[in-house]
Amino acid sequence: MNAKMKQIFIRSIFVCVIFCLFALIFNWISPNGVNLITRYNEVIVKGNSLKIPIFMKESKNSAEETAKLYEEFSPAREINLEQTLKCFGEGGTLFIDARAHEEYIKGHIPGAINIPIEEISISEIEINSLDVMKKIIIYCDSFDCTLSLDLAMQLEAMGFGNVHFFLGGWLEWLESNYQVSVGENL
Amino acid sequence: MKNEKYYIIREIVRIVLGFIFLYASMDKIIFPARFAEVVYHYKVLPIEFLNLVAVFVPWIEAGLGIMLLLNIWVNSAAFVLCCFNILFIGLIYSAIARGLDIECGCFSLDPVASKVGWMRIFEDFLLLLSCTFLLWTGLQKEVQTKYIN
């Protein structure tokens, strides 16, 4: 039995090594391949260092460039739950949900429109109808999600002058037990 | 008679498991970045190693599935799959224990189809039992001499 188990063990290691080699070759030639060592951006959120992984092989900016952009952009534009609730209560603010459409359908801040930034490019969205001076608050899942920040940066680059992002996002809103909407925004 | 019964059950289990693991690996092989993101949400690995796991694990799963289907080194394939299933059960349990409402990444990368939960643990437990059965019957002398060699 011991000899048999030893043989099984050696063969197991051997086949794992062989399949890993196949994996390396396929990953190398595949258009969907990834960097073997995951790159990440290091972002400071509320004094804590947060690593945001970049999974795809190509990225428009290097990690350093993106981290620098976050650093320059985030402190001035970030708003907390209290400020978000105040804007919601006062009205006149456009809320944008940057999460995937299926997440948006499950629940979102009442009145928020959905721009799933991971699924569609900003250039594909009809944003001419939006008032560039209107206050905009963008949110996504939670602190470890940077979709809201990405979208805020893109909108500001397009000339929107009053763009903010709510980093606590949907999770913090939900925990506050404030109003939520489900389904499409009518 | 007893051996024949084992043989038939073993063959069915071997082929079904082969198809299951091959199917489970397909999405992950095609979209490794998506799978890496699923692994990231478990929050058990250092970020640097996410892509390595996302590249290697699906290929090992697929390879072992093919080995089962083609009846090549079935004991070794079953042994590695047992280890994998124990690992998967541990990971899913830790996600449940930490209250994570995340995609399982078990059989497909469809976020709606496969959230972590007790059902996923039950499925993996069934797979673990099946792999253990393959390994156990493979180690029985009668089965080895009469049918495998």
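Look up a bit, the structure's there.
Residues numbered from 1 in each chain as written. Chains lettered and ligands numbered in written order. Predicted model: local features only at pLDDT ≥ 70, side-chain atom pairs only at ≥ 80, totals over all residues.

### A closer look at the overall build of chain B
Alright, step 1. Across its full length, chain B carries six helices and zero strands.
Alright, step 2. Scanning chain B from its N terminus toward the C terminus, one meets helices and strands in the order α-α-α-α-α-α.
Alright, step 3. Buried residues in chain B amount to 40% of all 149 residues. (Helix = DSSP H or I, 4+ residues; strand = E, 2+ residues; numbered from the N terminus. Buried ≥ 20, exposed ≤ 12 C-beta atoms within 10 Å, placed from the backbone.)

### So, the sheet that holds strand β4 (residues 93-97) of chain A
Remark on secondary structure: sheet strands pair via backbone hydrogen bonds, oriented parallel or antiparallel.
Residue and element names in this part refer to chain A.
Alright, step 1. Overall, parallel pairing links the five strands, which are arranged β3-β7-β6-β4-β5 in an open sheet. In this open sheet, the two strands that pair with only one neighbour each are β3 (78-79) and β5 (113-114).
Alright, step 2. Where β4 lies against β5, two bridges are found, and the strand directions are parallel. Bridged to Asp97 within β5 is Asn114. (Pairing = 2+ DSSP bridges.)

### Regarding the nonpolar core
Note on soluble globular proteins: their nonpolar side chains tend to be buried together.
Alright, step 1. Within the largest apolar cluster, 36 residues are counted, with the highest numbers of intra-cluster contacts made by B:Ala36, B:Ala54, B:Leu64, B:Ala77 and B:Ala78.
Alright, step 2. When residues of this core are assigned to their parent elements, the largest contribution, 12 residues, is made by helix α3 (residues 50-69) of chain B.
Alright, step 3. With residues up to four places along the chain from it excluded, the contact list for B:Ala77 reads B:Leu64, B:Met67 and B:Leu68.
Alright, step 4. By size, the runner-up hydrophobic cluster in this structure holds 24 residues, among which are A:Ile109, A:Ile117, A:Ile137 and A:Leu167. (Core = buried A, V, L, I, M, F, W, Y, C linked by C-beta atoms within 7 Å. Contact = placed C-beta atoms within 7 Å.)

### Thoughts on the interface of chain B and chain A
Alright, step 1. Taken together, the contacts link 26 residues of chain B with 25 residues of chain A.
Alright, step 2. Elements with a minimum of two residues in the side of chain B that touches chain A: α2 (32-42), α3 and α4 (74-97) of chain B.
Alright, step 3. Sorting elements by how many residues they give to the side of chain B that touches chain A places α3(B) first, with 10 residues.
Alright, step 4. Residue classes in the side of chain B that touches chain A are distributed as 20 nonpolar, four polar and two charged. (Nonpolar A, V, L, I, M, F, W, Y, C, P; charged D, E, K, R; others polar.)

### Quick look at the environment of A:Leu155
Residue and element names in this part refer to chain A.
Alright, step 1. Summarising the element assignment, Leu155 is placed in helix α5 (residues 147-157).
Alright, step 2. Separated by 19 residues in the primary sequence, Leu155 and Ile136 place their C-alpha atoms 9.6 Å from one another.
Alright, step 3. If near-sequence neighbours (up to four positions away) are discounted, Leu155 is found in contact with Ile136, Phe160 and Val163.

### Quick look at the pairing of strand β6 (residues 135-139) of chain A
Remark: a regular strand shows side chains that alternate across the two faces of the sheet.
All names here are of chain A.
Alright, step 1. Within β6, four of the five residues are buried, leaving the element largely enclosed by the surrounding structure.
Alright, step 2. With five bridges connecting them, β4 and β6 associate as parallel partners. Residue pairing for β6: Ile96 is matched across the bridge by Ile138.
Alright, step 3. As a crossover connection, the stretch from β6 through α5 into strand β7 (residues 163-166) is right-handed. (Right-handed = clockwise from strand over helix to strand, strands pointing away.)

### Topic: the environment of B:Tyr23
Residues and elements named next belong to chain B.
Alright, step 1. Examined against the element boundaries, Tyr23 turns out to sit in helix α1 (residues 2-30).
Alright, step 2. The exposure class assigned to Tyr23 is partly exposed, which follows from the 14 C-beta atoms found within 10 Å.
Alright, step 3. Tyr23 sits 42 residues away from Gly65 along the chain, and the two C-alpha atoms are 8.6 Å apart.

### With respect to the pairing of β7(A)
All names here are of chain A.
Alright, step 1. Neither face of β7 is left uncovered, since the one carrying Val163 and Phe165 and the one carrying His164 and Phe166 both have all their residues buried.
Alright, step 2. Bridge count between β3 and β7: two bridges; the pairing is parallel. Along β7, the bridge assignment pairs Ile79 with Phe166.
Alright, step 3. Pairing of β6 with β7, which is carried by four bridges, proceeds in the parallel orientation. From the neighbouring strand, Ile137 faces β7, where its bridge partner is His164.

So, to be careful, I would describe these as geometric facts and stop short of saying anything about function.
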